[in-house]
Amino acid sequence: MIMFVIFGATGKVGKATITRLRAEGAPVRAVLRDPAKAALLAALGCQIAMAEVGDVEAMAAAMNDATAVQLICPIDPRAADASRQMLQSIERMAEAIDAARPPRILAISDYGAHLTIDTGITSLFRAMEERFRRCSTRVSFLRSAEHMENWARYLKIAGETGVMPSMHQPLARPFPTVSAADIGDMAADLLLADQDHGPSPRIVHGEGPREYTALEIAAAVGRLSTRRVVAHELPRADWPATLIRAGLSESYADLIVRLGDAHNKGLIGAEAGVGEIRRGRTGLSAALEPFRPDIRQAVSR
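Predicted, not measured: the structure shown is a model, and the values here were computed from it.

A.B. asks: Please clarify how the sheet that holds strand β5 (residues 104-110) should be interpreted in this entry.
C.D. replies: Hydrogen bonding along the main chain pairs the strands of a sheet, whether they run parallel or antiparallel. Judged by pairing direction, the sheet is parallel, and its eight strands sit side by side in the order β3-β2-β1-β4-β5-β6-β10-β12 without closing on themselves. Each end of this open sheet is capped by a strand with a single partner; those strands are β3 (47-50) and β12 (276-279). Each adjacent strand pair in this sheet contributes to an overall mean axis angle of 25 degrees, direction not counted. Contacts between helix α7 (residues 180-192) and the sheet are confined to β1 (4-7), β4 (68-71), β5, β6 (138-144), β10 (202-207) and β12, with β5 contributing the most and set at about 155 degrees to the helix.

A.B. asks: Explain empty space enclosed by the protein here, please?
C.D. replies: Following the criterion strictly, the structure yields one cavity of 30 Å³ or more and no others. In this structure, the largest cavity encloses a volume near 30 Å³. Around the largest cavity, the lining residues are His-168, Gln-169, Pro-170, Arg-173, Phe-175, His-263 and Asn-264. Among the residues making up the lining of the largest cavity, the classes are represented as two nonpolar, four polar and one charged.

A.B. asks: Can you walk me through the nonpolar core in this structure?
C.D. replies: Looking at soluble globular proteins, one finds that nonpolar side chains tend to be buried together. Counting residues in each nonpolar core, the largest one holds 100 residues, and the members touching the most others are Phe-7, Leu-71, Ile-121, Phe-132, Leu-142 and Met-164. Contact partners of Leu-142, with chain neighbours within four places excluded, come to Leu-106, Ala-107, Ile-108, Ser-109, Ile-183, Met-186, Ala-187, Leu-190, Val-204, His-205 and Gly-206.

A.B. asks: Before we go on, may I ask you to explain the pattern of salt bridges in this structure?
C.D. replies: A side chain of one charge can pair with a side chain of the opposite charge when the charged atoms of the two come close. Counting across every chain of the model gives 17 salt bridges. When the shortest N-O distance is used, the salt bridge between Asp-189 and Arg-20 registers 2.7 Å. Residue Asp-189 is found in helix α7, and its partner Arg-20 is found in helix α1 (residues 12-23); the two are separated by 169 residues along the sequence. When its relative accessible area of 28% is taken as the criterion, Asp-189 is described as partly exposed. Its salt-bridge partner being Glu-276, residue Arg-202 comes within 2.8 Å of it at the nearest N-O pair. Residue Arg-202 is found in strand β10, and its partner Glu-276 is found in strand β12; the two are separated by 74 residues along the sequence. On the basis of relative accessibility, which here comes to 29%, the residue Glu-276 falls in the partly exposed class.

About the criteria used
- Sequence order as written defines residue numbering, which begins from 1 separately in each chain.
- Two thresholds apply to this predicted model, a pLDDT of at least 70 for residue-level local features and 80 or more for giving and counting side-chain atom pairs, whereas whole-chain, interface and lining totals are computed over all residues.
- Hydrogen atoms and water are omitted, and side-chain values are computed over all heavy atoms in the structure.
- A pair of strands is labelled paired if DSSP reports no fewer than 2 bridges between them.
- Here a strand is any run of E in DSSP of at least two residues, a helix any run of H or I of at least four, and the numbering for each starts at the N terminus.
- Only the stretch in contact is used when a helix axis is fitted, and all axes are lines through C-alpha atoms; the angle between N-to-C directions ranges over 0 to 180 degrees.
- Contact between two residues is taken to exist if any of their heavy atoms lie within 4.5 Å; hydrogens are not considered.
- In this analysis the probe radius is 1.4 Å and the grid spacing 1 Å, with only protein atoms considered; a cavity is a set of points the probe fits into but cannot get out of, a pocket is an open set with protein on both sides within 12 Å along at least five of seven lines, and lining residues have an atom within 4 Å of a point.
- Grid points are joined across faces, edges and corners, and a volume is the space filled by probe spheres set on the points.
- Basically, the charged four are Asp, Glu, Lys and Arg, the nonpolar ten are Ala, Val, Leu, Ile, Met, Phe, Trp, Tyr, Cys and Pro, and anything else, Gly included, counts as polar.
- Throughout, nonpolar core names a set of buried Ala, Val, Leu, Ile, Met, Phe, Trp, Tyr and Cys residues whose side chains join them through atoms within 4.5 Å.
- Per-residue accessibility, obtained with a 1.4 Å probe over protein chains only, is compared with the maximum for each type, and a residue is labelled buried under 20%, exposed over 50%, and partly exposed between these values.
- The term salt bridge refers to a side-chain nitrogen of Lys or Arg lying within 4 Å of a carboxyl oxygen of Asp or Glu.

What follows is the structure, given as structure tokens:
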């Protein structure tokens, strides 16, 4: 019996994967941590399994009889020690994989996960890939470019002030970005195509139809908010405090700062000569469109 098991089922990527799989008529078991979120997925025809990431036995049970399993490692932006927490989660996931031994694993990874230098949060995805490579199953890594939806965190301040602060510098430097929904759709394609693509792991890079600059992102925000919005280089010294004021823990903010430094050196991209690059169809304005009401509310105040 075919059964696709999706962890992180209520996240942007997981929901997109499930929606596509169910549209194709594929059986799905959605793995949740919060039972209050089960109704919508059950309405889509999903089986529901409950498992905390740290519960190896429950995760392995959720993987039982799976044709393929999609994993995304959660990281709490408010964790006191975000690195330690994510590394522990990676280890528990790997133990569950080895206990359940599903035929295939698809893990959502990150652009830059191939780099051996310190890249902040991306270095943790490198650790994930290294650990999952040691599991006794076929593994694919779908490395995602930065999600377009991440820029929604700046929409309120941009709508209120006409200024969009950017850690991407210089502002005219293009960088890869992708809609989370497109990553979910790519993941569904990979899960549905049960083909032997050579030695494990398989590496796939996912990004949008083209690269964008911070200047273009500011212009897109302006079109949605019906006011002129300009991009502003946030001074490097202000990054940690700005991130902490936004609700991130000090340790998580440090991971983002180090990733920002790597981005601005032009280091974060697809691994040259390895795997393949798949491109989504969603443009930046379309990815940000669902946040339009928030922008207009900010402008009206």
